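For reference, the chains in residue letters:
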Amino acid sequence: MNDRDTALAPGPDDGSDPDRAVEVLFSRQAFDDARTRGLLADEAAEHGADAYYRAAERNLRDHSREAPGTRWSVAFHGVVEIEAFAEQAGLDPGDRATALS
(Lines give C-alpha, C1' and ligand atoms only; values in the text may rest on other atoms or scores of the structure.)
Protein backbone atom coordinates (compact mmCIF):
# COMPACT_ATOMS: atom_id res chain seq x y z
CA MET A 1 0.00 0.00 0.00
CA ASN A 2 1.33 3.47 -0.82
CA ASP A 3 0.46 6.91 0.55
CA ARG A 4 -1.89 7.59 -2.34
CA ASP A 5 -4.08 4.56 -1.55
CA THR A 6 -5.51 6.39 1.44
CA ALA A 7 -6.85 9.12 -0.84
CA LEU A 8 -9.14 6.79 -2.72
CA ALA A 9 -12.65 6.73 -1.39
CA PRO A 10 -15.43 4.37 -2.34
CA GLY A 11 -18.83 5.68 -3.24
CA PRO A 12 -21.46 6.41 -0.61
CA ASP A 13 -22.05 3.77 2.08
CA ASP A 14 -25.79 3.94 1.46
CA GLY A 15 -25.39 1.54 -1.48
CA SER A 16 -26.71 4.02 -4.02
CA ASP A 17 -23.62 3.83 -6.25
CA PRO A 18 -21.14 1.19 -5.13
CA ASP A 19 -19.14 1.40 -8.36
CA ARG A 20 -17.94 4.93 -7.82
CA ALA A 21 -14.74 6.24 -6.20
CA VAL A 22 -13.02 9.58 -5.67
CA GLU A 23 -9.37 10.64 -5.87
CA VAL A 24 -8.53 13.89 -4.09
CA LEU A 25 -5.51 15.98 -5.01
CA PHE A 26 -4.15 19.41 -4.25
CA SER A 27 -4.60 21.74 -7.21
CA ARG A 28 -1.51 22.69 -9.16
CA GLN A 29 -1.86 26.27 -7.87
CA ALA A 30 -1.83 24.99 -4.27
CA PHE A 31 0.89 22.38 -4.72
CA ASP A 32 3.94 24.41 -3.60
CA ASP A 33 2.12 25.86 -0.60
CA ALA A 34 0.84 22.43 0.43
CA ARG A 35 4.30 20.92 0.14
CA THR A 36 5.86 23.79 2.13
CA ARG A 37 3.28 23.34 4.91
CA GLY A 38 3.90 19.59 5.08
CA LEU A 39 0.45 18.65 3.81
CA LEU A 40 1.79 16.30 1.14
CA ALA A 41 3.08 13.07 2.62
CA ASP A 42 3.26 11.39 -0.79
CA GLU A 43 6.87 10.56 -1.69
CA ALA A 44 6.28 11.65 -5.31
CA ALA A 45 5.45 15.16 -4.07
CA GLU A 46 9.06 15.54 -2.93
CA HIS A 47 10.04 15.50 -6.61
CA GLY A 48 7.67 18.27 -7.68
CA ALA A 49 4.18 18.76 -9.04
CA ASP A 50 4.74 16.80 -12.25
CA ALA A 51 5.87 13.72 -10.31
CA TYR A 52 2.90 14.11 -7.92
CA TYR A 53 0.37 14.15 -10.77
CA ARG A 54 2.11 11.33 -12.68
CA ALA A 55 1.95 9.18 -9.53
CA ALA A 56 -1.75 10.02 -9.14
CA GLU A 57 -2.40 9.04 -12.75
CA ARG A 58 -0.51 5.75 -12.34
CA ASN A 59 -2.48 5.03 -9.20
CA LEU A 60 -5.80 5.70 -10.91
CA ARG A 61 -4.82 3.45 -13.81
CA ASP A 62 -3.77 0.67 -11.41
CA HIS A 63 -7.04 0.90 -9.48
CA SER A 64 -9.03 1.04 -12.72
CA ARG A 65 -7.43 -2.21 -13.87
CA GLU A 66 -8.27 -3.80 -10.51
CA ALA A 67 -11.88 -2.61 -10.62
CA PRO A 68 -12.72 -1.84 -14.28
CA GLY A 69 -16.38 -1.12 -13.56
CA THR A 70 -15.63 1.67 -11.10
CA ARG A 71 -16.40 5.22 -12.20
CA TRP A 72 -13.73 7.60 -10.94
CA SER A 73 -13.99 11.26 -10.05
CA VAL A 74 -11.06 13.52 -9.29
CA ALA A 75 -11.54 16.41 -6.86
CA PHE A 76 -8.97 19.18 -6.57
CA HIS A 77 -8.70 21.35 -3.48
CA GLY A 78 -6.48 24.09 -2.13
CA VAL A 79 -4.60 24.60 1.10
CA VAL A 80 -7.01 27.17 2.51
CA GLU A 81 -10.02 24.91 1.97
CA ILE A 82 -8.45 21.85 3.53
CA GLU A 83 -7.02 23.74 6.51
CA ALA A 84 -10.34 25.49 7.23
CA PHE A 85 -12.29 22.26 6.95
CA ALA A 86 -9.80 20.37 9.12
CA GLU A 87 -9.93 23.06 11.82
CA GLN A 88 -13.74 23.13 11.81
CA ALA A 89 -14.00 19.33 11.92
CA GLY A 90 -11.15 18.81 14.38
CA LEU A 91 -9.14 16.82 11.85
CA ASP A 92 -5.51 16.83 10.77
CA PRO A 93 -5.02 18.80 7.52
CA GLY A 94 -1.96 16.64 6.76
CA ASP A 95 -4.00 13.43 6.87
CA ARG A 96 -5.08 12.50 3.34
CA ALA A 97 -8.33 11.05 4.71
CA THR A 98 -9.37 14.55 5.85
CA ALA A 99 -10.06 15.61 2.26
CA LEU A 100 -12.43 12.68 1.88
CA SER A 101 -14.45 13.45 4.99
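See the structure printed just above.
The shown structure was predicted, so the numbers you read here are calculated from the model rather than taken from an experiment.

On to the overall build of the protein chain, then. The helix and strand tally for the protein chain stands at 3 helices and 3 strands. In the protein chain, which comprises 101 residues, the proportion classed as buried is 39%. Of the accessible surface of the protein chain, which amounts to about 6200 Å², a share of 48% is contributed by carbon and sulfur atoms.

Moving on, we get to helix 2 (residues 49-66). With 18 residues, helix 2 extends 26 Å between its outermost C-alpha atoms, agreeing within 8% with the 26 Å of an ideal straight helix rising 1.5 Å per residue. The complete set of buried residues in helix 2 reads Ala49, Ala51, Tyr52, Tyr53, Ala55, Ala56, Asn59, Leu60 and His63.

Let's shift gears to the side chain of Ser27. Counting through the fold element by element, Ser27 comes out in the loop between strand 2 (20-26) and helix 1 (28-36). The class of Ser27 is buried, set by a relative accessible area of 16%. Sequence-distant contacts of Ser27, defined by excluding residues within four places in its chain, comprise Tyr53, Phe76 and His77.

Along the polypeptide, Ile82 turns up in helix 3 (residues 79-89). Not counting residues up to four positions away in its chain, the partners in contact with Ile82 are Phe26, Leu39, His77, Pro93, Thr98 and Ala99.

So, on to the pairing of strand 2. Burial analysis of strand 2 places 5 of its 7 residues in the buried class, which makes it a mostly covered element. Where strand 2 lies against strand 3 (residues 71-77), 7 bridges are found, and the strand directions are parallel. Looking at strand 3, one finds that Arg20 is bridged to Arg71.

The next thing to look at is the packing of aromatic side chains. Here the distance between the centres and the angle between the planes together describe a pair of aromatic rings. Inspection of every chain in the model, using the stated rule, returns 2 aromatic pairs. Taking the centre distance of 5.3 Å and the plane angle of 45° together, the rings of Phe31 and Tyr52 count as tilted. In this pair, Phe31 is assigned in helix 1 and Tyr52 in helix 2, connecting sequence segments 21 residues apart. An identical accessibility class is assigned to Phe31 and Tyr52; each is buried. Taking the centre distance of 4.9 Å and the plane angle of 70° together, the rings of Tyr52 and Tyr53 count as edge-to-face.

Under the definition given, this model contains 6 salt bridges. The partner of Arg37 in a salt bridge is Asp33, and the shortest N-O contact between them spans 2.9 Å. Asp33 sits in the partly exposed class, given a relative accessible area of 31%. Among the salt bridges present, the one from Glu57 reaches Arg61, with a minimum N-O distance of 2.6 Å. Taken together, the positions of Glu57 and Arg61, both in helix 2 and 4 residues apart, correspond to about one turn of that helix. Here the salt bridges share partners, and the residues they tie into one network are Asp33, Arg37 and Glu83.

Parameters at a glance
Residues numbered from 1 in each chain as written. Predicted model: local features only at pLDDT ≥ 70, side-chain atom pairs only at ≥ 80, totals over all residues. Heavy atoms only, no water. Helix = DSSP H or I, 4+ residues; strand = E, 2+ residues; numbered from the N terminus. Buried < 20%, exposed > 50% of the residue type's maximum accessible area, 1.4 Å probe, protein only. Areas by Shrake-Rupley, 256 points an atom, 1.4 Å probe, with all protein chains shown as cover. Expected span 1.5 Å × (residues − 1). Contact = heavy atoms within 4.5 Å. Pairing = 2+ DSSP bridges. Phe/Tyr/Trp six-rings, centres within 6.5 Å; stacked < 30°, edge-to-face > 60°. Salt bridge = Lys/Arg side-chain N within 4 Å of Asp/Glu carboxyl O.

Just distances and angles here, no functional claims.
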